[in-house]
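# Architecture at a glance
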Amino acid sequence: MSTTDSFDLQPPRPAWGISLPTRKSRTTARPIRTAALPARVLLALETPGGTASPLVATGEQVLTGQPVARTLDGLELHASISGTVIGLLQHPVADGRGAPVTCLEIEGDGQDLAWPGLRPGDPHSARPEEVLADIASAGLLGLGGARFPTALKLMRVHGGRLLLLNGVECEPYISCDEMLMRERANDVVEGARIMLRASGLPRCIIAVKNSTVQVRVALRDALEAAGDPRLSLAQVTSRYPAGGERQLVEMITGEEVPAGGLPTDIGCICQNVATAAALASFYRTGRPLISRIITLTGGAFAEPVNVEARLGTPLAALLPEAGGLREAPVRWIMGGPMMGTRLTGPGLPVTAATNCVIAATAAELPAPAAEQPCIRCGACAEACPARLLPQELLVAGRTGDADLLDRLGLAECIECGACDYVCPSHIPLTEGFANARPLLEALLARREQARHARFRVEARSSRESRRIRQEQSALAERTRALEEHPDADALARLLARDRGS
Amino acid sequence: MLAGLLVLVGLSAVLGVLLTLLARRGGAGDDQDVDAVCALLPQIQCAQCGYPGCRPYAEAIVRELAPLNLCPPGGEQTTQALARLLDREVGATPTQGTFRPGTVARIDEAACIGCARCLPACPVDAIVGAPRFMHTVIAAECTGCQLCLPACPVDCISMEAQ
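Description of the structure in this document.

The rules behind each value
Residues numbered from 1 in each chain as written. Chains lettered and ligands numbered in written order. Predicted model: local features only at pLDDT ≥ 70, side-chain atom pairs only at ≥ 80, totals over all residues. Heavy atoms only, no water. Helix = DSSP H or I, 4+ residues; strand = E, 2+ residues; numbered from the N terminus. Rg over C-alpha atoms; globule rule 2.2 N^0.38 Å. Buried < 20%, exposed > 50% of the residue type's maximum accessible area, 1.4 Å probe, protein only. Axes fitted to C-alpha atoms, helices over the stretch in contact; angles between N-to-C directions. Parallel < 35°, antiparallel > 145°, perpendicular 65-115°, else oblique. Left-handed = near helix turned anticlockwise from the far one by under 90°. Contact = heavy atoms within 4.5 Å. Nonpolar A, V, L, I, M, F, W, Y, C, P; charged D, E, K, R; others polar. Buried area = accessible area lost by both parts, 1.4 Å probe. Salt bridge = Lys/Arg side-chain N within 4 Å of Asp/Glu carboxyl O. Polar contact = N/O pair within 3.5 Å; in protein donor to acceptor, adjacent residues only side chain to side chain. Expected span 1.5 Å × (residues − 1). Pairing = 2+ DSSP bridges. Patch = residues over 30% accessible without salt bridge, like charges linked within 9 Å, V, L, I, M, F, W, Y side chains within 5 Å. Areas by Shrake-Rupley, 256 points an atom, 1.4 Å probe, with all protein chains shown as cover. Phe/Tyr/Trp six-rings, centres within 6.5 Å; stacked < 30°, edge-to-face > 60°. Core = buried A, V, L, I, M, F, W, Y, C linked by side-chain atoms within 4.5 Å. Lys, Arg positive; Asp, Glu negative; His and termini not counted.

Helices and strands together make up the secondary structure of chain B, namely 5 helices and 4 strands. In sequence order, chain B lays out its α and β elements as α-α-α-α-β-α-β-β-β. Computed over the C-alpha atoms, the radius of gyration of chain B is 23 Å, more than 25% above the 15 Å expected from 2.2 N^0.38 for a compact globule of 162 residues. On the principal axes, the C-alpha backbone points of chain B span a range of 90 × 35 × 25 Å.

What follows is the structure in structure tokens.
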């Protein structure tokens, strides 16, 4: 199979979703910039795979790339600069949630001395479990925004059939993956091959948008150079939210991820292209995950650009990389304009989840118009990528009917905001769903409790009936023995046994 | 023509008898009904309905021996859900009794005399203890049914917020 043929994989345009202006060109004109070394970093120790415990003490000198914390699963987090450990503190980070998390603070010495410790071997001759251990010790987290530990995800697949590298990046403004694939296509391809080695999956598809020509050219060249027949490319329609994990899996495989399930349930694993590139870079240079590419964009920046920044760098320290602020932004957003979260300001440190920071002006992202009554047009249901009925969900949420929310499938909502975008009455549907989620979670928790209680009651009643049966059979045996040998000796023996027991 | 008619009449007779027999047996279907009803009950096991637990009440409901509105922890919502499931009328009588949700039993360990009488009273085996040893409640397993309260001779069990 030649790599040019593989371009034939072009899934049809999905029925759901919306077309959005991309607004990416302002950051794709400039190459990726390397950010200046920050004076201090705050490394978030909490990951979705567990919180890492520090391996270093306050006041200790650390080198760039030195492990400073480890989770129970062996995932190691590393110092992103060389310097002195200040200590632990609770601080909100740019991970899209904004709640304070435990951070390790390091003050830089400005020298960026590299730690010599990590020297991974050749991944293609190593055993899969050794590669997985290497991936965990490289501190690789999903760079698509979820920060899920890569090694844990690759370990979960049993008898799977497809590794899907997600390079679709369907949200407007964000271009960090696009620039990464243009400039480091070889790393993406090599990372995919290492992931295949670690997971034992037979095949990898790299999914990109059909509108990004330079990405396709770069990846095709890289695939030709690698000459690995297990890898191929797919072009999906640039439609929002085609880059959602479930949506992408469905478009590529033609199978739906089951409700409440994961892509692994249908034999797929999704990884972000940047994660693959970081993995290849680790094997090439021995440098663990200590930096990521961030899109700094929005009308308020003088020179919107993609920068590669060390993890833990305060966002404020990155502003000069984008030429500083031309005007005061009306809104700071982390992530894209559709699913991103609002930041109070540029005070938070960068995490592996920080893909984009938008400093928006009033002209480009105006405040939403006033809400009007629903006219039952059904546009939201047509746009919904999870095939839900947003207008019905909204009513269920506002009346607090948790049962109905469950029946309508609120759990499947990915909060993409497509329904908000198409709503002619400007109803903030997604916001309503986010607010209704605790109701649904309480209902599910109650159900789980009831299921557990029922299990315990059944266990108890079967135990009790077993005990009664045993007692009855023992009684019957004694009665029979007495009837067969009605002598005083036997009676005395049985009585003695009864007392003893 | 006549042959065709005879075949049809014969077939209907045979099938009719077969279906009647199957409906009379009905064992498996009953069990499934009880499971479905039981799944709607909140599994507190408080026995306030007059039956010794949620499953016995579900069995009584399926056999049409009990009304649908006897479950205080489930409240009106459960009554309505049961009515929807079984397609029965509930009438105007509101669901009986009251229940304070979100509470668990707690044993005052200083006052506990270690009599072990509360152990068999607990429907979900949530009390740990042995005669002449202190008892305690596993809060995560307690459903808040309050059945251990009358069993305690020294009133050292109280209900507390979870």
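Residues and elements named next belong to chain A. Cis rather than trans, the peptide bond between Tyr 240 and Pro 241 has omega equal to 0°. Mapping Pro 241 onto the fold places it in the loop between strand 13 (231-236) and helix 7 (245-253). Positive phi outside glycine occurs at Tyr 173, with the angle close to 75°. Within the secondary structure layout, Tyr 173 lies in the loop between strand 11 (162-167) and helix 4 (176-183). The class for Tyr 173 is buried, based on a relative accessible area of 1%.

All names here are of chain A. Where helix 4 meets helix 6 (residues 213-226), the axes come as close as 8 Å, and the angle between the chain directions of the two elements is 40°. Relative to helix 6, the element helix 4 lies oblique. Judged by the twist between their axes, the crossing of helix 4 over helix 6 is left-handed. Contacts between helix 4 and helix 6 pair Glu 178, Met 181 and Arg 182 from the former with Gln 214, Val 215, Ala 218 and Leu 219 from the latter. Along the lines of polarity and charge, the residues of the contact of helix 4 with helix 6 split into 4 nonpolar, 1 polar and 2 charged.

In this section: the interface of chain A and chain B. Listed per partner, the contact involves 12 residues of chain A and 18 residues of chain B. Of all residues in chain A, the largest losses of buried area upon contact with chain B belong to A:Arg454, A:Arg456 and A:Arg460, amounting jointly to 50% of the total for that side. Summed over the shared surface of chain A and chain B, the number is 3 salt bridges. Ionic pairing is found between A:Arg456 and B:Glu141, a salt bridge with its closest N-O pair at 3.5 Å. Put simply, chain A and chain B have 8 residue pairs in polar contact (both at pLDDT 80 or more) between them.

All names here are of chain A. Here helix 5 (residues 185-199) is 15 residues long and its end C-alpha atoms lie 21 Å apart, about the 21 Å a rise of 1.5 Å per residue gives. The element helix 5 is extensively covered by neighbouring structure, given that 11 of its 15 residues are classed as buried. For helix 5, the full list of buried residues reads Ala 185, Asp 187, Val 188, Val 189, Gly 191, Ala 192, Ile 194, Met 195, Leu 196, Ala 198 and Ser 199.

Here we take up the sheet that holds strand 13 of chain A. Residues and elements named next belong to chain A. In space, the 4 strands of this open sheet follow the order 13-12-11-14, with parallel pairing throughout. Strands at the two margins of the open sheet, each flanked by one partner only, are strand 13 and strand 14 (268-272). Each strand of the sheet is rotated relative to its neighbour by a mean of 25°, with strand direction disregarded. Pairing of strand 11 with strand 14 involves 5 bridges; the strand directions are parallel. Residue pairing in the sheet places Leu 163 in a bridge with Ile 269 of strand 14. Across the sheet, helix 6 touches strand 12 (204-209) and strand 13, and the angle it forms with strand 13 is around 170°. Contacts from helix 7 reach strand 11, strand 12, strand 13 and strand 14, with the element oriented near 120° to strand 11.

Taken together, the side chains of B:Met1, B:Leu2, B:Leu5, B:Leu6 and B:Val9 make up a nonpolar region of the molecular surface, amounting to roughly 610 Å² of accessible area. With respect to the helices, strands and loops of the structure, B:Leu6 is situated in helix 1 (residues 2-25).

With that settled, the discussion passes to the packing of aromatic side chains. All names here are of chain A. Enumeration over the complete set of coordinates arrives at 3 aromatic pairs over all chains. Consider the rings of Phe 282 and Tyr 283, whose centres lie 5.4 Å apart with planes at 70°: the pair is edge-to-face. Like Tyr 283, Phe 282 is buried. Summarising the aromatic geometry, the rings of Phe 301 and Trp 332 are spaced 6.3 Å apart at their centres and angled 75° between planes, so their arrangement reads as edge-to-face. Of this pair, Phe 301 sits in the loop between strand 15 (291-297) and strand 16 (305-310) while Trp 332 is found in strand 17 (residues 331-334), placing the two residues 31 residues apart along the sequence. Given the relative accessible area of 1%, Phe 301 is considered buried. Trp 332 sits in the buried class, given a relative accessible area of 9%.

What follows concerns the pairing of strand 7 (residues 67-70) of chain A. For a regular strand, side chains alternate in direction, first toward one face of the sheet and then toward the other. Residues and elements named next belong to chain A. Examined bridge by bridge, strand 5 (residues 53-54) and strand 7 share 2 bridges and lie antiparallel to one another. Each residue of the ladder has a partner; that of Ser 53, found in strand 7, is Arg 70. Relative to strand 8 (residues 76-78), strand 7 is paired through 3 bridges, and the arrangement is antiparallel. When the bridges of strand 8 are listed, Pro 67 appears paired with His 78. Here strand 7 folds back onto strand 8, and the loop between the two strands holds 5 residues, one of which, Gly 74, carries a positive phi near 90°.

All names here are of chain A. By secondary structure assignment, the location of Ala 322 is in the loop between helix 9 (315-318) and strand 17. Judged by relative accessible area, Ala 322 falls into the buried class, the value being 0%. Among all residues touching Ala 322, those that are not within four sequence positions of it are Arg 33, Leu 296, Phe 301, Ala 302, Glu 303, Pro 304 and Val 305.

Here we come to the sheet that holds strand 8 of chain A. Strand order in the open sheet formed by 3 strands is 5-7-8 (chain A), with antiparallel pairing between adjacent strands. With partners counted over all chains shown, the strands left at the sheet margins are strand 5 and strand 8 of chain A, one partner each.

To continue, consider the packing of helix 11 (residues 390-399) of chain A against helix 14 (residues 429-484) of chain A. Residue and element names in this part refer to chain A. The interhelical angle for the contact between helix 11 and helix 14, taken along N-to-C directions, is 50°, at an axis separation of 9 Å. It follows from the interaxial angle that helix 11 and helix 14 lie oblique. The two elements helix 11 and helix 14 meet at a crossing, and its hand is left-handed. Contact residues: helix 11 offers Pro 390, Leu 393, Leu 394 and Gly 397, while helix 14 offers Leu 429, Phe 433, Ala 436 and Leu 439. Taken together, the residues of the contact of helix 11 with helix 14 sort by class into 7 nonpolar, 1 polar and no charged.

We now examine the nonpolar core. In this structure, A:Leu165, A:Val188, A:Ile206, A:Leu219 and A:Leu318 are the most contacted members of the largest nonpolar core, which totals 94 residues. Residues A:Leu164, A:Cys170, A:Tyr240 and A:Met251 belong to the second largest nonpolar core, which totals 24 residues.

The subject of this paragraph is the side chain of A:Glu321. Positionally, A:Glu321 belongs in the loop between helix 9 and strand 17. Here A:Glu321 sits buried without a salt bridge, and the closest side chain of opposite charge, A:Arg33, lies 5.3 Å off (N-O distance).

With respect to the helices and strands, A:Ser175 occurs in the loop between strand 11 and helix 4. Setting aside residues no more than four positions away along its own chain, A:Ser175 makes contact with A:Lys24, A:Thr27, A:Thr28, A:Glu169, A:Thr295 and A:Asn306.

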